[in-house]
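Spelled out, the chains give:
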Amino acid sequence: MINPLRGMKDLTFEESQRFRYIIDTASTIAKRYGYGYIETPILEETALFKRSVGESSDIVGKEMYQFEDKGGNDVCMRPEGTAGIVRAFVSAKLDRQPVKQKFYYYGPMFRYERPQKGRLREFHQFGCESFGEASVYEDFTIISMIKQIFDELGIGFELLINSLGCPTCMPPYRENLISFLTNIKEELCSDCNRRIETNPIRVLDCKNKTCQSLLTESPKLIENLCEACDSDFKKLTAMLDRAEISYTVDTNLVRGLDYYSKTAFEFVSNEIGSQSAIAGGGRYDRLVEFLDGKPTPAVGFAIGIERIMELVKMPELKREGIYMGAMTPEAVESLFTLAAQKRKEDKVTVEYSSKGFKSHMKGADKVNARYAVLIGEDELANHTLWVKDLESKEESTVALDDY
Ligand code: HAM
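In this text the structure is predicted, and so the values were computed from the model without any measurement. (Residues numbered from 1 in each chain as written. Predicted model: local features only at pLDDT ≥ 70, side-chain atom pairs only at ≥ 80, totals over all residues. Heavy atoms only, no water.)

Considering the packing of aromatic side chains
In this description, an aromatic ring pair is defined by two values, namely the gap between the centres and the angle between the planes. Enumeration over the complete set of coordinates arrives at 16 aromatic pairs. Seen in terms of ring centroids, tyrosine 65 and phenylalanine 110 are 6.2 Å apart; in terms of plane orientation they differ by 75 degrees. Their pairing is edge-to-face. Within this pair, whereas tyrosine 65 is found in strand 3 (residues 65–68), its partner phenylalanine 110 is found in strand 5 (residues 101–110), the two being separated by 45 residues in sequence. For tyrosine 65, a relative accessible area of 19% corresponds to the buried category. Judged by relative accessible area, phenylalanine 110 falls into the buried class, the value being 6%. An aromatic cluster of three or more residues is present, and its members are Phe89, Phe103, Phe131, Tyr259, Tyr260 and Tyr284. Cation over ring: arginine 121 sits above tyrosine 112, and NZ or CZ is 3.7 Å from the ring centre. Over the ring of tyrosine 403 we find lysine 342; its NZ or CZ atom is 4.3 Å from the centre of that ring. (Phe/Tyr/Trp six-rings, centres within 6.5 Å; stacked < 30°, edge-to-face > 60°. Helix = DSSP H or I, 4+ residues; strand = E, 2+ residues; numbered from the N terminus. Buried < 20%, exposed > 50% of the residue type's maximum accessible area, 1.4 Å probe, protein only. Lys NZ or Arg CZ within 6 Å of the ring centre and 35° of its normal.)

Re helix 5 (residues 136–153)
The terminal C-alpha atoms of helix 5, which comprises 18 residues, lie 26 Å apart, in line with the 26 Å expected from a rise of 1.5 Å per residue. Residues of helix 5 that are buried include every one of Val136, Glu138, Asp139, Phe140, Ile142, Ile143, Ser144, Met145, Ile146, Ile149, Phe150 and Leu153, and no others. Of the residues that open helix 5, the one with a side-chain oxygen 2.9 Å from the backbone nitrogen of tyrosine 137 is serine 135. Positive backbone phi, at 75 degrees, marks glycine 154, one or two positions downstream of helix 5. (Expected span 1.5 Å × (residues − 1). Polar contact = N/O pair within 3.5 Å; in protein donor to acceptor, adjacent residues only side chain to side chain.)

Considerations on the environment of aspartate 389
The topology assignment puts aspartate 389 in strand 15 (residues 384–389). Along the backbone, aspartate 389 and serine 354 are 35 residues apart, and their C-alpha atoms lie at a distance of 21 Å. Filtering out sequence-adjacent residues up to four positions away, aspartate 389 remains in contact with Arg370, Tyr371 and Glu394. A polar side-chain atom of aspartate 389 sits 2.9 Å from the main-chain amide nitrogen of glutamate 391. In this structure the side chain of aspartate 389 is engaged in a polar contact, spanning 3.2 Å, whose partner is the backbone nitrogen of serine 392. (Contact = heavy atoms within 4.5 Å.)

Quick look at the sheet that holds strand 13 (residues 348–350)
With mixed pairing, the five strands of this open sheet are ordered in space as 13-12-14-15-16. Two strands bound the open sheet, and with one partner strand each, they are strand 13 and strand 16 (395–399). Neighbour to neighbour, the strand axes of the sheet diverge by 25 degrees on average, direction disregarded. Relative to strand 15, strand 14 (residues 371–375) runs antiparallel, the two sharing four bridges. Counterpart to valine 373 in the pairing with strand 15 is valine 387. Contacting strand 12 (322–326), strand 13, strand 14 and strand 15, helix 12 (residues 334–342) runs over the sheet at an angle of about 170 degrees to strand 12. (Pairing = 2+ DSSP bridges. Axes fitted to C-alpha atoms, helices over the stretch in contact; angles between N-to-C directions.)

A look at the pattern of salt bridges
With the rule as written, the count across this model stands at 27 salt bridges. Across the pair aspartate 292 and arginine 51 runs a salt bridge whose closest N-O atoms are separated by 3.2 Å. Here arginine 51 lies in helix 2 (residues 46–54) and aspartate 292 lies in the loop between helix 10 (287–290) and strand 11 (298–304), a separation of 241 residues in the sequence. The class of arginine 51 is partly exposed, set by a relative accessible area of 44%. Between lysine 207 and aspartate 205 there is a salt bridge, with its nearest N and O atoms 3.0 Å apart. (Salt bridge = Lys/Arg side-chain N within 4 Å of Asp/Glu carboxyl O.)

Thoughts on helix 4 (residues 82–91)
Counting buried positions along helix 4 yields eight of ten residues, so the element is predominantly enclosed. Listing the buried residues of helix 4 in full gives Thr82, Ala83, Gly84, Ile85, Val86, Ala88, Phe89 and Val90.

As for the environment of phenylalanine 131
For phenylalanine 131, the location among the structural elements is in strand 6 (residues 122–131). Sequence separation between phenylalanine 131 and glutamate 175 is 44 residues; the distance between their C-alpha atoms is 31 Å. Setting aside chain neighbours within four positions, we find phenylalanine 131 in contact with Ile85, Val86, Phe89, Lys100, Gln101, Phe103, Tyr284, Val288, Thr296, Pro297 and Ala298.

Some points on the sheet that holds strand 2 (residues 43–45)
Strand order in the open sheet formed by three strands is 2-4-3, with antiparallel pairing between adjacent strands. Either end of the sheet is taken by a strand with one partner, and the two such strands are strand 2 and strand 3. Strand-to-strand twist across the sheet, computed as the mean angle between neighbouring axes with direction ignored, equals 35 degrees. When strand 3 meets strand 4 (residues 74–77), the two strands line up antiparallel, connected through four bridges. Considered in strand 4, the bridge of tyrosine 65 is made with methionine 77. Lying over the sheet, helix 2 contacts strand 2, strand 3 and strand 4, oriented at roughly 75 degrees with respect to strand 2.

Comments concerning the pairing of strand 6
A regular strand carries its side chains on alternate faces of the sheet. Strand 6 sits mainly inside the fold: ten of its ten residues count as buried. Of the two faces of strand 6, the one lined by Glu122, His124, Phe126, Cys128 and Ser130 and the one lined by Phe123, Gln125, Gly127, Glu129 and Phe131 are each fully buried. Of the pairings in the sheet, the one linking strand 6 to strand 11 comprises seven bridges and is antiparallel in character. Directly across from phenylalanine 126, in strand 11, lies its bridge partner isoleucine 303.

In short, the description is geometric, and any link to function would need to be established separately.
Put into structure tokens, the structure is as follows:
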């Protein structure tokens, strides 16, 4: 028997209903905020992710599904959605248009990580990207939208926020941090030691307990922001307070992708184990430029669908559609014209084998039909149907031509 690859999963039956429910709910809400659907290829040039997610990130350094295609091109299965959407935005020259653009998307992402609960090698994201709006009001609006999505899905969360500064305040802070880290180098883990050289900000994100306790003393960017970043961050927290969206300022929240500046955030759940991030995002005002577009401010997020599947409170499934069955073999074929007619506006399940009454009623229950429509010998002779509304329990005999 051939099984799916490690870290990859089939979505079947009940799971696929949850999956669709999440996508449909999130899409409906995103559309209310003015987002339009976008789809970009799963396979992209490797250079796209190196330039955007960053060469020193774990994603690019260790986790890419990267290969040479038959034409000798260096390609990669997308590890996340933002880079491809920015590329599409620039490819379509949308960066030259004065209108603000907002896109939502969902689909599979690929990261060659060590699989565990909540961590897959193929997983799905629902995300939104908003281009052209520099105001921190947009950061607030995006966070409010994610809250609305989680509220609608019945999912509790904790919101962590931070500011990653801008080209004015980040470089001096970085220097400051490097000298702090160099002084405690011997006590830090090997990963952190490597990162001091390649990506010192990511050291703040180390999960090692010893490193974490040493880092409590590290300089904090939030205390060293330039005036503009500081004012935006204060505006954001004040708006969250006013909207009664609770949050924690996490000065060590740096995100695993290099393209962020200013606002960064994560939504976490304490109900799903160690892989607790259920959504992440932030501002990436310089990424369009990095990918050869005109400087365009942008902000976005992605929700990890698999991580919230178990948490979703699904609405009770309503009975829907019609179950049709015959109690005598001669009557079976008379159901097809009727079914074709009804399928123009409703869901119809036709049972091809003639069966007894009880058996048909069980069949109607199994497909959760609202109506059971049966034809027996009498109905066939009289050109009628026996119809039961399985919700109100009302039964009736209806002329075939009137149904
Ligand atoms: P990210 O934080 O890397 O951000 O991923 C977003 C979410 O995807 C995570 O919070 C998590 O729920 C889910 N996720 C990530 N890796 C895995 C995995 N191996 N298995 C299962 N779920 C996973 C991004 O990808 C950014 N593109 C978000 C963004 C959009 N920022 C701005 N715009």
